[in-house]
Amino acid sequence: VKQAQAAGQLGEQVDLIRSRIDRQLALSRIAATGKERVDAKAIVDKLLSAMRQMPSLHQLSWHSKIPARLVAAVDAGDFAEAVGNVLDNARLHAKSRIGVTALERDTDMLITIEDDGAGIAEADYGRVLARGQRLDESSQGSGLGLAITSDILRAYGGALSLDRAEIGGLKVTMEWPIAHKH
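As the structure is a computational prediction, the values presented were derived from the model and not from experiment.

K.L.:
Explain the sheet that holds strand 2 (residues 61-65) to me, and be specific about the residues and the numbers.
P.N.:
Sheets are built from strands paired through backbone hydrogen bonds, the pairs being either parallel or antiparallel. Spatial ordering of the open sheet is given by 2-4-5-7-6, a layout of 5 strands whose pairing is mixed. Strands at the two margins of the open sheet, each flanked by one partner only, are strand 2 and strand 6 (159-164). Strand after strand, the sheet turns through a mean of 15° between neighbouring axes, direction not considered. Where strand 4 (residues 97-105) lies against strand 5 (residues 108-115), 8 bridges are found, and the strand directions are antiparallel. From the neighbouring strand, R105 faces strand 5, where its bridge partner is D108. Along the sheet face, helix 2 (residues 40-53) touches strand 2, strand 4 and strand 5 and points at about 175° away from the line of strand 2.

Below you can see the structure in the form of structure tokens.
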């Protein structure tokens, strides 16, 4: 039994190391390549369609308000991974409602995802942004989603912030650079 536990712990550590290496390679790629122009609404709509098909603990109502022609200056895969991580967290923790909104502000775009779940105490915000940290050890996932999302945003000069949602749970705001209009 102890050998099986040790093997399981070693496997988890290898997975964490592999994830860190993958993330560092991806961040190097971001720095080395030019920024793409991605249609934020199209990607978010595809992610929401996929999320609606995934199982959740409760019947969920998804609400989205994303303006058309909102263009981010980022790699499409990075954008989808970051937004997808936050949507998946909301899906896992919401009681009944998830809201997604976006708006353009000066040189960036804010995408906000909020749920009506239990939320997170403000004192734990830093902890959930650290790699491999989960507040609920019995839940699914690796504890890497928000940390990876934060890394992706920082690589593009953006930021991730956590707050209490008006609907009761967690509010995650992602600040992305927008593509300059020509």
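K.L.:
Go over the packing of helix 3 (residues 76-93) against helix 5 (residues 145-155), please, and point to the residues and values.
P.N.:
At a minimum axis separation of 9 Å, helix 3 and helix 5 run at an interaxial angle of 150°. Crossing of helix 3 against helix 5: the hand is left-handed. Touching D78, E81, A82, N85, V86 and N89 of helix 3 are G145, L146, I148, T149 and I152, all from helix 5. Across the contact of helix 3 with helix 5, the residue classes break down as 5 nonpolar, 4 polar and 2 charged.

The rules behind each value
Residues numbered from 1 in each chain as written. Predicted model: local features only at pLDDT ≥ 70, side-chain atom pairs only at ≥ 80, totals over all residues. Heavy atoms only, no water. Pairing = 2+ DSSP bridges. Helix = DSSP H or I, 4+ residues; strand = E, 2+ residues; numbered from the N terminus. Axes fitted to C-alpha atoms, helices over the stretch in contact; angles between N-to-C directions. Contact = heavy atoms within 4.5 Å. Left-handed = near helix turned anticlockwise from the far one by under 90°. Nonpolar A, V, L, I, M, F, W, Y, C, P; charged D, E, K, R; others polar.

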